[in-house]
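# Chain and residue survey
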Amino acid sequence: MSAGRILVVEDSPPSIQALVGVLRDQGYQVHVATNGRKALEKLDSIRPDLILLDVMMPEVDGFETCARIKASTEWCEIPIIFLTSKTEPDDIVRGFEVGAVDYVAKPFHAHELLARVSTHLAIHRLRRENERLIRTESELARHRSVAQMVAGVAHEINTPLGILNTSASLLRNWLASPVLAALGETREGQAMLEDLRDAGDLITRNAARAHKLVQDFKKVSVHQITDALEQVQLIGIVSETAHLFQVSNRESPLEVKILNALPDQQGTWLGYPGSLSQVLLNLLSNAQRYAYPGGAAGKVEIELTGDDQRYRISVRDFGAGIPPENLPRVFEPFFTTGRGQGGSGLGMSIVHMIVTAHLQGEISIESNAHKGTTVAFWFPRRITEPDHAV
Ligand SMILES: Nc1ncnc2c1ncn2[C@@H]1O[C@H](COP(=O)(O)OP(=O)(O)OP(=O)(O)O)[C@@H](O)[C@H]1O
Ligand SMILES: [Mg+2]
């Protein structure tokens, strides 16, 4: 892996040669732009980790180039070191004012240049890492507080639901009693009894539905609060989860096929197996419910691939697909097209949160009407630092 990408912005060929030689020797990937305008044009394709910028250049000079880079939201974080033969204090101060992090006087000493480059690259990396951790932490904190609230509300709703159930069975018992049976001897009485029975049934059915929803909410939120970091065989977790899905959905005609194309066949993963299972279970149940609605038979392929840094898992169905207008919304909390079938719309938002915040990965979704849906996610082979998910 390269030690970092550096963009050298310099117009003098001897200086370019010297700088490129010294930097390449240290393993840096070096790109050159011979003036400020070209440097600005190249930023998008090079995406440098650091810029070495000459002050004196034709067209757009170093100060101007630096000011423009710092004014853009996309590039303003890249550290810029000025290369200057002008060691006048005014120029140095001006360099810092337009946003440079440091300067190196020309003619430069290789050791000094390399020391400054590696220090600023290290500071920049640590800063980015720090920002990522803060983002992850706040994302997890937000999710934990939602999970705790959901668990709390679910618990509170259980008590009134219990009372509803007890009252409904009391109603049923009374309606069956011989005292009330006498009422059925008149036509009005009979109609009244039927209405009461229907009302009782409605209360019982809906209380059961609400109870199921509350249990699902509780499960989801509790799972979020208890998963532990472990070293596991990735294929093992994936097969166990697919098996668990099939066992717990015996009536489901979904055929789940696992394609293991990992380079070393037996990839080990240091991560959160509970969370990975939860992601897969959500995707499988979506395939069953939405790709092949009404209990239709269908196939799902789970494919495992990866390189020496990351694993990739894709879950693909060949069913109904997601309409283009819904696709951007599927990761939104509470977005669902299955409210009538018990969908709460939390599944995909939880999947997204787990993959990006907990597994430190990325996720994407593709879908075509009548051809099917593929959800693919990448995550590192090792979680890089303990994350405080509990
Ligand atoms: N494989 C799929 N095929 C077709 N549509 C899908 C698929 N996966 C998700 N969807 C669509 O995305 C919506 C959101 O999915 P999500 O898992 O977040 O919620 P849900 O399944 O409706 O409810 P929950 O997962 O909370 O029980 C679904 O309602 C459905 O419209
Ligand atoms: Mg779902």
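## Considering the environment of Ile 237
Here Ile 237 lies in helix H8 (residues 234-248). By the C-beta count within 10 Å, which is 20 here, Ile 237 ends up buried. Spatially, the C-alpha atom of Ile 237 lies 8.8 Å from that of Gly 274, the residues being 37 residues apart in sequence. If sequence neighbours within four positions are ignored, Ile 237 has contacts with Val 232, Pro 273, Leu 276 and Ser 277.

## With respect to the nonpolar core
Counting 39 residues, the largest nonpolar core has Leu 283 and Val 355 as the members making the most contacts within it. Elements that contribute at least two residues to this core include exactly H8, strand S7 (254-260), helix H9 (273-291), strand S9 (298-306), strand S10 (310-317), helix H10 (347-358) and strand S12 (372-380). The leading source of residues in this core is H9, at eight residues. If we ignore the near neighbours within four places in the chain, the residues touching Val 355 are Val 279, Gly 361, Ile 363, Phe 377 and Phe 379. Counting 27 residues, the second-largest nonpolar core is a separate cluster that includes Val 9, Leu 53, Tyr 103 and Leu 113.

## Details of unusual backbone geometry
Following Lys 106, the chain continues to Pro 107 via a peptide bond in cis, the omega torsion being -5°. Mapped onto the elements of the fold, Pro 107 is located in the loop between strand S5 (102-105) and helix H5 (110-175). Of note, Arg 47 is a non-glycine position whose phi angle comes to about 50°, a positive value. Structurally, the position occupied by Arg 47 is in the loop between helix H2 (36-46) and strand S3 (50-54). Phi at His 370 is positive, roughly 65°, even though this residue is not glycine. You can see His 370 is positioned in the loop between strand S11 (362-368) and S12.

## Here's the deal with the domain arrangement of the protein
Splitting the protein by domain gives domain 1 (5-108), domain 2 (139-224) and domain 3 (227-390). Summarising the inter-unit geometry, the C-alpha centres of domain 1 and domain 3 are found 44 Å apart.

## Here we look at the site of ligand 1
Ligand 1 sits among 23 residues. The nearest are Asn 286, Thr 336, Gly 343, Gly 347 and Met 348. Listing elements by their share of the shell around ligand 1, those giving two or more residues are H9 and H10. With five residues, H9 is the largest single contributor of residues to the shell around ligand 1. When its residues are assigned to classes, the shell around ligand 1 shows nine nonpolar, 13 polar and one charged.

Parameters and conventions
- All residue numbers refer to position in the chain's written sequence, counted from 1.
- Going through the entries in the order they are written, you letter the chains from A and number the ligands from 1.
- A pLDDT threshold of at least 70 governs which residues receive local features in this predicted model, and a stricter bar of 80 or more applies before side-chain atom pairs are shown or counted, although totals over entire chains, interfaces and linings include all residues.
- Think of it this way: any DSSP run of H or I at least four residues long counts as a helix, any run of E at least two long counts as a strand, and we number them from the N terminus.
- Three exposure classes are used, all based on how many other C-beta atoms lie within 10 Å of a residue's own C-beta (placed from the backbone): buried at 20 or more, exposed at 12 or fewer, and partly exposed between those limits.
- Working definition of a contact: two residues with C-beta atoms, positioned from the backbone, lying within 7 Å.
- Take the buried Ala, Val, Leu, Ile, Met, Phe, Trp, Tyr and Cys residues, join any whose C-beta atoms are within 7 Å, and the set you get is a nonpolar core.
- Residue ranges for the domains trace back to a domain assignment, done automatically or taken from a database.
- To decide whether a residue is near a molecule or strand, its C-beta atom is placed from the backbone and checked for lying within 6 Å of it.
- Three categories are distinguished: nonpolar for Ala, Val, Leu, Ile, Met, Phe, Trp, Tyr, Cys and Pro, charged for Asp, Glu, Lys and Arg, and polar for the others, with Gly belonging to the last.

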